[in-house]
Structure formats: structure tokens, C-alpha cells
Amino acid sequence: VEVKIEVVLPEKERTKEEMSPNGKASPLIYKVNGTARHYHLEEHPMAGNPYHSAKDVVEASVCHVKDLENGQMREVDLGCGKALLIKEGGEFHAVGHKCPHYGAPLVKGVLSKGRVRCPWHGACFNISTGDIEDFPGLDSLPRFQVKIEKEKVFIRASKQALQTQRRTKMMAKCISLSNYNLSSTNVLIIGAGAAGLVCAETLRQEGFSDRIVMCSMDRHLPYDRPKLSKSMDSHPEQIALRPKEFFRSYDIEVLTEMQVAAVDIKNKTAVFKDGFKMEYNKLLIATGNTPKALSCKGKEVENVFNIRTPEDANRVVKLATSKNVIVVGASFLGMEVAAYLAERAHSVSVVELEEVPFKKFFGERVGRAVMKLFETHRVKFYMQTEVSELREQEGKLKEVVLKSGKVLRADVCVVGVGAVPATGFLKQSGINIDSKGFIVVNKMMQTNIPGVFAAGDAVAFPLALRNNKKVNVPHWQMAHMHGRMAALNMLAHGTEISTVPYLWTAMFGKSIRYAGHGEGFDDVVIQGDLDELKFVAFYTKSDEVVAVASMNYDPIVSKVAEVLAAGRSIRKRDVDHTGHTGPPLPSPLVFLLAFRTGDMSWLTGKGS
């Protein structure tokens, strides 16, 4: 049934028209079971305007109009908090000065074409509205009023917004859950990670007021999964992406410890492991991946872990304190775990098949530099070998035997040898799965089955950056964007994904940032000093830069991400300074000049 839903907005919003993609005002139309429903949009923790009371408002003169040139940003203090003042196109804008994700100072980020990109993890925010446009993170920036009087720039802001430095976008609420059959929902989301949560939130932000159900094998509400290996002693409530009240407020139902065993696409039904069935109208599959286990002798002994849940991470930290730890696999997870435990355990050893960590991802030279960093922190490496046996004493791990013959004392073993997509339950569904088990989707995150979408680590999707080659990008940021794209296209927006992959890893207080997709790179151009861990690595394929990584050189990765996002190419000759007699690394200012003008000769010192 086609149902027209009338948008009933608060008085202050009624002058704003909801626009359809063709620019004409139109009602929102959803195919749902039931009758037309009214809904109200809400915003939490506060609306942009008006302010709650005069006491909650601060207004201050922050600079002269000539103090900022076009394209400049400045962090300004209003007395009870700070704001980010931006000048672009002759106009001033003021938004929150900290990225809501992890609090990065946005003044050190990258300003480009109406948005600012975070220097740490690549999230992007619209400078006019404060809205988040690329991820990671869930919240937008607060936006503040700017006025010019007698050539002075004034900012008027809510004290609360200055303190929180975040804003949750306006959301609809479900009208009446009591009207629904418990075994049916309009939108069913399988998986409660970043992709699933962003999908649910985006639906509500776009005014969707029907039932949304998320189901998860996990016992917790959605949480910040990257922290499981970066901050292993974090408790679930500390890393929750949203509090329980949020899900109640916006009628997003979450079924925990519920595993889907099969999907019947003909009858639009998900069948759970316990026999429960739920009908859906639209389906998102965002099940992520499943860690690979060891296949060697003794794999069943106690104290051998895959880090999958907060309980796993907490248990490892407790058992590893002052004990001997073996990490199998120099993956991102494995290396982050090794770094976290290095100062807590008696000893930490890493076992890896490759000759250096991260060789396939960062290249041999960067991998060796990282390996040296770990060795200075007493981490031992056993490379080009693997585990042949786990030995126990009274049922608990005692020794790890390597194929090289080496026997290592071990009280705890953490396995980080990769993962496989959690899509086994879809084999008989008719949903297109590739030879590696990934769900194949188009640019709108649609599968081959109408009304069925997929997102996150379990999918292969067309990456615009690589000429729409179908790739798997198991990154936290990309999962967020997948979820948003799926939601928009459930609502028939016809929006295609075009984001640039962005990731980071943290070890011993240092971070490597990475943007692009370097799979299959044939050369790495290094600028800077690897021994000092201050460098930029450009990954090239033929003559094109396809990815970049850096350490201690923010915000160059975010700058490159903006170049790539703008559809511009960076050539190898633009970044390869072989034979150059000047400074070994272009300053961030030089790269910024190249980025702004589109003239990459600034990178090589050949520009005028």
C-alpha cells in the first residue's frame, strides 16, 4: 500500500520545505502496512535556535573582519567555551571546534568547498549547518550565529552547545509501537555495529516514522568496536555508541543475543536460530565478519582468545598482567593488542607468516619501522613461521610450539589472523554472494534482491576511487557510510556512495593515518624520516597515487583524502622527490597550496 505521511513540524520549522530530489516540495511517501501517520521531528540535546533562555546565551566579539582571509580557520574563545570561526567565499561561519568523534581540534583539519575534515580520522562537517557529511562518528557540530558590526565579527552561542561540542540531528519517532505485530517490522537490520546503527539513525533523521528493529548476536547495544584492541580494559558502558535512553527516545528496537539462521526472500522473512520468525518490508544485512580460529593441535585449550567482545578484551587484560602473552598474527588487531599489553604483561611475542608486520598493507619499509618501534618496547617477533601446537597443563595454555621448532612459554594467546564475512546463513537465500563470501552490492548498497540491502565488513561494493572496482573495505569509517547510503536508498533517494576510505591504527601513543585504497600497489614513495617515525608514504599503482599513510604529519592524510574526494588524481611524479636536493619532505603548507590550486608541481618544488 502506498501511504502518504504528512510532515508535522514544530512551529519554528514550518517555513522550511522538505524538498524532493527534483527540487520541488513533496510529501514523504513510504510503502508500509497501515494508515497514514503524523510525526514530530525532535532534536537532542538541543535545537540550533532559539536558545533556551537569555542566561544560556553568550555573545562575544572574536576578531576584526580583516583578521581572516578566505579559506582560513581560527579557534576563538567566547569566555565559557570555544568555537571554530571559518571564512570561505567571503562569508563567516562558526561551528563547534572539536570533532565529536574523539575530540580532535578541527582548526588543524582541512577546509575545502564548504566542509572541514577532521585531521585525525577524516570525519567531515558542513561549515554552514554543522551536519556530519562523512564519518566516523554519529553526531554533528553545533552551529553558532555570526554577525558583523562595525567591521568586527561577533559570535552568539548557547553555553550548553559550547560545552558539549556536539549536536544530534533532528529525528522522527515511531508513532505507536502498540499497533504493530511483534513478528513484523517495516525495516529489519541484521547486525548492530556501526553500519546498522547509522542506517537506523539516518532513517529517523530523514523522517521515517515506521517500525525499525535491529538484531544482534552481541549481548550489548552498539559499541565502539575499534576500542576492543586499542583500549582493552574499557567496559561496555564506556564504549557504547548511544545510551539506552537514545534507543527508547527514538523508537529503535534492539534485540540482543538473537542470531538469524536464514533469510526467506520470497516471503520476506528472517528466521532466527531459536525458531522465531520476523517479516520485514526492507532488510539491511550488516553482520560484519567472524574472526578466523587456529587450526593447529591443541586449539581447544583454555586462555586462547579471539577478541570479539568487551568481555574478551577485559579477560585478556586480566589474565595477561605480569604473564607471558603470545599474539598470533601481525594484523591491525594483533599489533594493537601487542602494543596495549606490552607494559602490562611480563613478555609479549608476536608470531607472523610474513617477514615484517603490515607488509601487504603498508609495505616493507613502513612495516620494518613499526617493527622497530615495537622492539624498543620489549615486544619479540617470530617471523616467517606459524603455530603448530598449543600445549596445556591442567587444561590451560602452557606453551606455544612453532613450525620452526621454537617453543615459547605462554599463559595467554590472542589470535589475530584475519576474518571471514559472516554470511554463511545466506548461502541458500538467493542473495548474490561472491567466491570469498562477501555480499555483492551496487553503489546504493542494494543487493540483487529488491528491498534487500547490505553494508559494512561483509560486502563487496563499487569503489569510485578505483574506477568502481568491487572491493571489500573492512574499515570503521566505511561501515558508517554504508549504513547511511543504505538508509537513504531504502527511502528511494537514489544516492550513490563515493567516499574515500579512511582508517587509523594506534600503538604506543602514536597513530598511523591512512586514506585511499592501496590494494595491489606496486611502489611506495616515502618522504620524511622512518627512523624518527615522522613520514608520509604514498602508495602508487603504475603512475597514480592510490593511497597515503602518515605518522606524525597531520593533517596530510586528510588533505590527500580531500584531493581524492574531489575526483583529482595525484601522479607518482608529483610526490617522488628522488634526486631532489631540497628539503626531504614538502611542508603541509606546500601540500595545501598544491591541493587548493590543483597544481601538484608545488609538491616537487617546480611550481612558480
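Predicted model only: the values in this text are computed from it and were never measured.

1. Comments concerning the overall build of the protein
Helices and strands together make up the secondary structure of the protein, namely 12 helices and 39 strands. Here the analysis covers contacts within the protein between residues at least 6 apart in sequence; of these, 63% occur between residues at least 24 apart. Total accessible area computed for the protein in this model is approximately 27,000 Å², and 47% of it derives from carbon and sulfur atoms.

2. A short note on the packing of aromatic side chains
Taken as a whole and assessed by the stated rule, the structure comprises 15 aromatic pairs. Here F521 and Y539 contribute two aromatic rings whose centre-to-centre distance is 5.1 Å and whose plane-to-plane angle is 70°, an arrangement assigned as edge-to-face. Here Y539 lies in strand 38 (residues 534–541) and F521 lies in the loop between strand 36 (510–516) and strand 37 (523–529), a separation of 18 residues in the sequence. Clustering of aromatic rings is evident, with ring pairs tying together F332, F358, F361, F362, Y514, F521 and Y539. Looking at R242, its charged tip hangs above the ring of F246, at a distance of 4.5 Å from the centre.

3. Overview of the pairing of strand 36
Most of strand 36 is tucked away: 5 of the 7 residues are buried. Across 6 bridges, the pairing between strand 35 (residues 502–507) and strand 36 is antiparallel. Counted as the bridge partner of M507 is K510 from strand 36. Linkage of strand 35 to strand 36, two consecutive antiparallel strands, is achieved through a turn of 2 residues, within which F508 is found at a positive phi near 55°. Here strand 36 runs beside strand 39 (residues 544–551); their pairing, made up of 5 bridges, is antiparallel. Paired with Y514 across the two strands is A549, which belongs to strand 39.

4. Thoughts on the sheet that holds strand 9 (residues 115–117)
Taken together, the 4 strands give an open sheet; going across it, the order is 8-9-10-11, and neighbouring strands pair in antiparallel fashion. Either end of the sheet is taken by a strand with one partner, and the two such strands are strand 8 (110–112) and strand 11 (132–134). Direction aside, the axes of adjacent strands within the sheet are offset by 30° on average. Bridging between strand 8 and strand 9 involves 3 bridges; their strand directions are antiparallel. Bridged to L111 within strand 9 is V116. Contacts between helix 10 (residues 556–565) and the sheet are confined to strand 8, strand 9 and strand 10 (124–126), with strand 9 contributing the most and set at about 135° to the helix.

5. Details of the pattern of salt bridges
All told, the structure shown has 29 salt bridges when counted by the stated rule. The shortest N-O distance in the salt bridge between R117 and E562 comes to 2.7 Å. One end of the pair, R117, is in strand 9; the other, E562, is in helix 10, and 445 residues separate them in sequence. Assigned by exposure class, R117 and E562 land together as buried. Connected via shared salt-bridge partners are E59, K147, E149 and R156.

6. Describing the nonpolar core
Within the largest apolar cluster, 79 residues are counted, with the highest numbers of intra-cluster contacts made by L188, L203, L284, I285 and F461. Of all the elements, helix 9 (residues 476–490) adds the most residues to this core, at 9 residues. Taken together, domain 1 (57–164) and domain 2 (184–290 + 422–491) each give at least three residues to this core, which thus spans both. Grouped together as the second largest cluster of nonpolar side chains are 54 residues, A313, A339, V350 and I512 included.

7. Examining the confidence of the model for the protein
Residues of the protein with pLDDT of at least 70 account for 85%, and the chain-wide mean is 88. A low-confidence stretch, residues 1–51 stays under pLDDT 50, and its non-local contacts, those more than four residues away or across chains, total 106 contacts. Confidence drops under pLDDT 50 across residues 595–608; counting only partners more than four residues distant or on other chains, this segment forms 33 contacts.

8. Details of the environment of L533
Its location among the elements puts L533 in the loop between strand 37 and strand 38. On a C-alpha basis, the gap between L533 and Y553 in space is 9.5 Å, while along the polypeptide they are 20 residues apart. Discounting residues that sit within four places of it in the chain, L533 has contacts with A369, L373, K510, M551 and N552.

9. A short note on the sheet that holds strand 37
Across the sheet, which stays open at both edges, the 5 strands sit in the order 35-36-39-38-37 with antiparallel pairing between neighbours. With partners counted over all chains shown, the strands left at the sheet margins are strand 35 and strand 37, one partner each. Strand-to-strand twist across the sheet, computed as the mean angle between neighbouring axes with direction ignored, equals 15°. Direction of pairing for strand 37 relative to strand 38: antiparallel, over a ladder of 7 bridges. Opposite D529, over in strand 38, you have K534 as the bridge partner.

10. Section: helix 9
With 15 residues, helix 9 extends 22 Å between its outermost C-alpha atoms, agreeing within 8% with the 21 Å of an ideal straight helix rising 1.5 Å per residue. Among the 15 residues of helix 9, 15 are classified as buried, and the element is accordingly described as predominantly covered. After helix 9 finishes, the residue A492 shows a positive phi value of roughly 65°.

11. A look at helix 5 (residues 310–320)
All of the buried residues along helix 5 are P310, D312, A313, V316, V317 and A320. Along the long axis of helix 5, the arc covered by the buried residues comes to 165°, so they all point the same way. Those residues of helix 5 that are buried lie in contact with helix 3 (227–230), strand 22 (304–306), strand 23 (324–328), helix 6 (332–341) and strand 29 (412–415). Looking one or two residues past helix 5, S322 carries a phi angle of roughly 65°, positive in sign.

Parameters and conventions
- Residues numbered from 1 in each chain as written.
- Predicted model: local features only at pLDDT ≥ 70, side-chain atom pairs only at ≥ 80, totals over all residues.
- Heavy atoms only, no water.
- Helix = DSSP H or I, 4+ residues; strand = E, 2+ residues; numbered from the N terminus.
- Contact = heavy atoms within 4.5 Å.
- Areas by Shrake-Rupley, 256 points an atom, 1.4 Å probe, with all protein chains shown as cover.
- Phe/Tyr/Trp six-rings, centres within 6.5 Å; stacked < 30°, edge-to-face > 60°.
- Lys NZ or Arg CZ within 6 Å of the ring centre and 35° of its normal.
- Buried < 20%, exposed > 50% of the residue type's maximum accessible area, 1.4 Å probe, protein only.
- Pairing = 2+ DSSP bridges.
- Axes fitted to C-alpha atoms, helices over the stretch in contact; angles between N-to-C directions.
- Salt bridge = Lys/Arg side-chain N within 4 Å of Asp/Glu carboxyl O.
- Core = buried A, V, L, I, M, F, W, Y, C linked by side-chain atoms within 4.5 Å.
- Domains from an automatic or database assignment.
- pLDDT = per-residue confidence, 0-100.
- Expected span 1.5 Å × (residues − 1).
- Arc of directions from axis to C-beta.

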